[in-house]
Amino acid sequence: MPTLVVNHTRIPMTLHIDHSFLTPVAEHRGPHTINRHARVPCVIRGAALQWPATRNWTFDYLAKLGENRPVKLVVGNRELGETGFTQSTFSECVGSLESNGSIWGGGARVAHLKEFDLLNEFPELRKDVRADALFPPRQHVSSSAWIGPEGAHTGLHYDLLDNLAVLLRGSKRFYLARPGVVESQGAVSSKYDRWARLADIGIQGLAERKLPEASLFVADLHPGDAIYVPKGWWHEVVNLKSSIFLSGFFGPMPYVVGLWLLTGTRQLIHDAMPLHGRRCTCHAVT
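Attention in this report is confined to the structure presented alongside it. (Residues numbered from 1 in each chain as written. Predicted model: local features only at pLDDT ≥ 70, side-chain atom pairs only at ≥ 80, totals over all residues. Heavy atoms only, no water.)

### Thoughts on the overall build of the protein
Line of reasoning, step 1. From N to C terminus, the protein includes 7 helices and 15 strands.
Line of reasoning, step 2. Taken along the three principal axes of its C-alpha coordinates, the protein extends 50 × 50 × 45 Å.
Line of reasoning, step 3. Counting the 286 residues in the protein, one finds 53% classified as buried.
Line of reasoning, step 4. Looking at the protein alone, contacts between residues at least 24 apart form 81% of all its contacts between residues at least 6 apart. (Helix = DSSP H or I, 4+ residues; strand = E, 2+ residues; numbered from the N terminus. Buried < 20%, exposed > 50% of the residue type's maximum accessible area, 1.4 Å probe, protein only. Contact = heavy atoms within 4.5 Å.)

### Describing helix α2 (residues 59-66)
Line of reasoning, step 1. Along α2, the positions that sit buried rather than exposed are F59, L62, A63 and G66. Projected down its long axis, α2 carries its buried residues within an arc of 105°, all on one side.
Line of reasoning, step 2. Its buried side turned inward, α2 meets α3 (90-95), β11 (162-177) and β15 (234-251).
Line of reasoning, step 3. Immediately beyond the C-terminal end of α2, within one or two residues, lies E67, with a positive phi of roughly 50°. (Arc of directions from axis to C-beta.)

### Remarks on the environment of P179
Line of reasoning, step 1. The residue P179 is located in the loop between β11 and α5 (181-184) in this model.
Line of reasoning, step 2. Residue classification places P179 among the partly exposed positions, given a relative accessible area of 46%.
Line of reasoning, step 3. Between the C-alpha atoms of P179 and Q267, which are 88 residues apart in sequence, the distance is 24 Å.
Line of reasoning, step 4. Apart from residues no more than four positions distant in its own chain, P179 is found in contact with G232, W233 and W234.

### Notes on the pattern of salt bridges
Line of reasoning, step 1. In total, this model carries 9 salt bridges according to the counting rule given.
Line of reasoning, step 2. Two residues, D162 and R39, come together in a salt bridge whose shortest N-O distance is 2.9 Å. With D162 in strand β11 and R39 in the loop between β4 (27-29) and β5 (42-45), this pair connects stretches of sequence that are 123 residues apart.
Line of reasoning, step 3. A salt bridge links K114 to E79, with the nearest nitrogen and oxygen atoms 3.3 Å apart. Residue K114 is located in strand β8 (residues 111-116), and its partner E79 is located in the loop between β6 (70-75) and β7 (85-89); the two are separated by 35 residues in the primary sequence. In this structure, K114 and E79 share a single accessibility class: buried. (Salt bridge = Lys/Arg side-chain N within 4 Å of Asp/Glu carboxyl O.)

### Details of helix α7 (residues 253-271)
One turn of an α-helix holds 3.6 residues; hence residues three or four places apart share an orientation.
Line of reasoning, step 1. For α7, which comprises 19 residues, the first-to-last C-alpha distance of 26 Å matches the rise-based estimate of 27 Å (1.5 Å per residue) to within 8%.
Line of reasoning, step 2. Of the residues making up α7, those classed as buried are V256, L259, T263, G264, Q267 and H270. On an axial view of α7, the arc spanned by its buried residues comes to 135°, and they lie on one face. Relative to its buried face, α7 has exposed residues pointing more than 90 degrees away, namely P254, L262, L268 and I269. (Expected span 1.5 Å × (residues − 1).)

### Details of a nonpolar patch on the surface
Line of reasoning, step 1. Residues W195, M253, V257, W260 and L261 make up a contiguous nonpolar surface patch of about 490 Å² in total accessible area.
Line of reasoning, step 2. Topologically, W260 is positioned in helix α7. (Patch = residues over 30% accessible without salt bridge, like charges linked within 9 Å, V, L, I, M, F, W, Y side chains within 5 Å. Areas by Shrake-Rupley, 256 points an atom, 1.4 Å probe, with all protein chains shown as cover.)

### Details of the environment of E150
Line of reasoning, step 1. The topology assignment puts E150 in the loop between β9 (140-148) and β10 (153-159).
Line of reasoning, step 2. Judged by its relative accessible area of 48%, E150 is partly exposed.
Line of reasoning, step 3. Taking C-alpha positions, E150 is 33 Å from H276, a pair spaced 126 residues apart along the chain.

### What about the packing of aromatic side chains?
Line of reasoning, step 1. What the rule picks out here adds up to 9 aromatic pairs.
Line of reasoning, step 2. Residues F135 and F250 carry aromatic rings whose centres are separated by 5.2 Å and whose planes lie at 80° to one another, so their mutual orientation is edge-to-face. With a gap of 115 residues between them, F135 in the loop between α4 (118-121) and β9 and F250 in strand β15 connect regions that are remote in the sequence.
Line of reasoning, step 3. When its relative accessible area of 1% is taken as the criterion, F250 is described as buried.
Line of reasoning, step 4. Members of the aromatic cluster, connected to one another through ring pairs, are F90, F116 and F122. (Phe/Tyr/Trp six-rings, centres within 6.5 Å; stacked < 30°, edge-to-face > 60°.)

### Side note on the pairing of β11
A regular strand carries its side chains on alternate faces of the sheet.
Line of reasoning, step 1. Most of β11 sits out of view: 15 of its 16 residues are buried.
Line of reasoning, step 2. Note that β11 and β15 share 14 bridges and pair antiparallel. Bridge pairing in β15 places V166 opposite L246.
Line of reasoning, step 3. Pairing of β11 with strand β14 (residues 226-229), which is carried by 4 bridges, proceeds in the antiparallel orientation. Each bridged residue has a counterpart across the sheet, and for V166 the counterpart in β14 is A226.
Line of reasoning, step 4. With 6 bridges connecting them, β11 and strand β13 (residues 216-221) associate as antiparallel partners. Bridging from a neighbouring strand, K172 pairs with L221 of β13. (Pairing = 2+ DSSP bridges.)

Have a look at this one:
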């Protein structure tokens, strides 16, 4: 496979992207509170290394908490492709991650447990997370988990809220594009997502186009690392290994409440549409 040099470490590429187009995301080490006014992504190496979650949240440990709790897995890259789901239980899917069990599928249809409210479903896990020191003051934070096998993929999109996320197990690769890059290529998708805007192109296709220098970025995350992705920054994410990833979407309370009301109104209108008229990430193609 082709390789990419990031911070002087040679790592395998999961997508065939010319490495000359990719700039490593800026890094900090140890305790670091992000500066959301800078509006640029950054990686905080070791931000959660001392968290009990990083030490204790093995796949088997979490699976035993879940028992037969039903969950809905996203199949494939719903941001770019068709939207599909499959049903499982939390214990079945998480307990099979070490072996990439058949419930996760494979290839372009590998499944992913996305936007799962882990800390609400299992409140006893909250004591294992020490996120307060990472966030700027006076922010409302909403957390959700992404749990999935090697090869699980989230297509190119940007979020409507800032995101500070921590990798607790496994490894992930983030590909990012500056705000405006996808728009300049006429590649914004009309597909609906309540909390994000989607691209109708992947990062590989974007990298093949003639773009200004330093348009595209890359970062690899390992257990205990955190990444800050400001709203409006396009990103595509690939699991290099089976992973547990905890996101914290945040913003000032007045802004978050206003956005919740606005997107909630749009969601009500969307849900009222006939099924055959929906092209979205929330309803499966039938």
